[in-house]
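# Commentary on secondary and tertiary structure
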Amino acid sequence: MTPEPPNILRLRTDELEWKQIDDEIVVLDGRASNYLSAGGAGVILWHMLESGATADELSAALVDKYSIDEASARADVDSFLAELTEQGLLAT
């Protein structure tokens, strides 16, 4: 049986502009006319999602950066991804 390929998550590219200002990502969602921002771990995750990453890769990055346990990192990633999904910011 062939293993299922990993689910690569990416930010959508249409009507979504962002810029890093100091230690914060500032986002303008033209589709929903929303302004959002992310700091701390959100900056790391956002940059990884630009090129595409799995949830496991995102979690591993937080473990490496903040020396936290895998369960805490995964909970943070799941929460961040849920917010991005709710806002419609991930590619489908």
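Everything quoted here is computed from the prediction, not taken from an experiment. (Residues numbered from 1 in each chain as written. Predicted model: local features only at pLDDT ≥ 70, side-chain atom pairs only at ≥ 80, totals over all residues. Heavy atoms only, no water.)

### Here we look at the pattern of salt bridges
- Inspection of the entire model under this criterion finds five salt bridges.
- Connected through salt bridges with shared partners, the residues Arg 12, Asp 14, Asp 29 and Arg 31 form a single ionic network. (Salt bridge = Lys/Arg side-chain N within 4 Å of Asp/Glu carboxyl O.)

### Here we look at the sheet that holds strand β1 (residues 16-21)
- The strand order β1-β2-β3 describes an open sheet built from three strands, whose pairing is antiparallel. Looking at which strands have only one partner, the edges of the open sheet turn out to be β1 and β3 (34-39). Within the sheet, the average angular offset between the axes of one strand and its neighbour, ignoring direction, is 20 degrees. (Pairing = 2+ DSSP bridges. Helix = DSSP H or I, 4+ residues; strand = E, 2+ residues; numbered from the N terminus. Axes fitted to C-alpha atoms, helices over the stretch in contact; angles between N-to-C directions.)

### Examining helix α3 (residues 70-87)
- Here α3 spans 26 Å end to end across 18 residues, near enough to the 26 Å set by a 1.5 Å rise per residue.
- Buried within α3 are the following residues: Ala 73, Val 77, Phe 80, Leu 81 and Leu 84. On an axial view of α3, the arc spanned by its buried residues comes to 100 degrees, and they lie on one face. In α3, those exposed residues whose orientation departs by more than 90 degrees from the buried face are Ala 71 and Glu 86.
- For α3, the elements touching its buried residues are β3, α1 (41-51) and α2 (55-66).
- Where α3 begins, the capping side chain belongs to Asp 69, and its oxygen is found 3.1 Å from the backbone nitrogen of Ala 71. (Expected span 1.5 Å × (residues − 1). Buried < 20%, exposed > 50% of the residue type's maximum accessible area, 1.4 Å probe, protein only. Arc of directions from axis to C-beta. Contact = heavy atoms within 4.5 Å. Polar contact = N/O pair within 3.5 Å; in protein donor to acceptor, adjacent residues only side chain to side chain.)

### Points about the confidence of the model for the protein
- When the pLDDT values of the protein are averaged, the result is 95; 95% of them are 70 or greater.
- Averaged over each element, pLDDT in the protein is lowest for β3 (95) and highest for α2 (98). (pLDDT = per-residue confidence, 0-100.)

### What to know about the nonpolar core
- With 22 residues, the main nonpolar core has Trp 46, Leu 49, Leu 58, Leu 81 and Leu 84 as its most contacted residues.
- If you tally residues by element for this core, the top one is α3, at five residues.
- Not counting residues within four places of it along the chain, the set of residues in contact with Trp 46 comprises Leu 11, Leu 16, Trp 18, Ile 25, Val 27, Phe 80, Leu 84 and Leu 89. (Core = buried A, V, L, I, M, F, W, Y, C linked by side-chain atoms within 4.5 Å.)

### Section: the environment of Lys 19
- Considering the arrangement of structural elements, one finds Lys 19 in strand β1.
- Given the relative accessible area of 56%, Lys 19 is considered exposed.
- For Lys 19 and Ser 37, which are 18 residues apart along the polypeptide, the C-alpha to C-alpha distance reads 9.7 Å.

### Observations regarding the pairing of β1
- With six bridges joining them, β1 and strand β2 (residues 24-29) adopt antiparallel strand pairing. Paired with Gln 20 across the two strands is Ile 25, which belongs to β2.
- Hairpin connection of β1 to β2: two residues between the antiparallel strands, including Asp 22 at a positive phi of 55 degrees.

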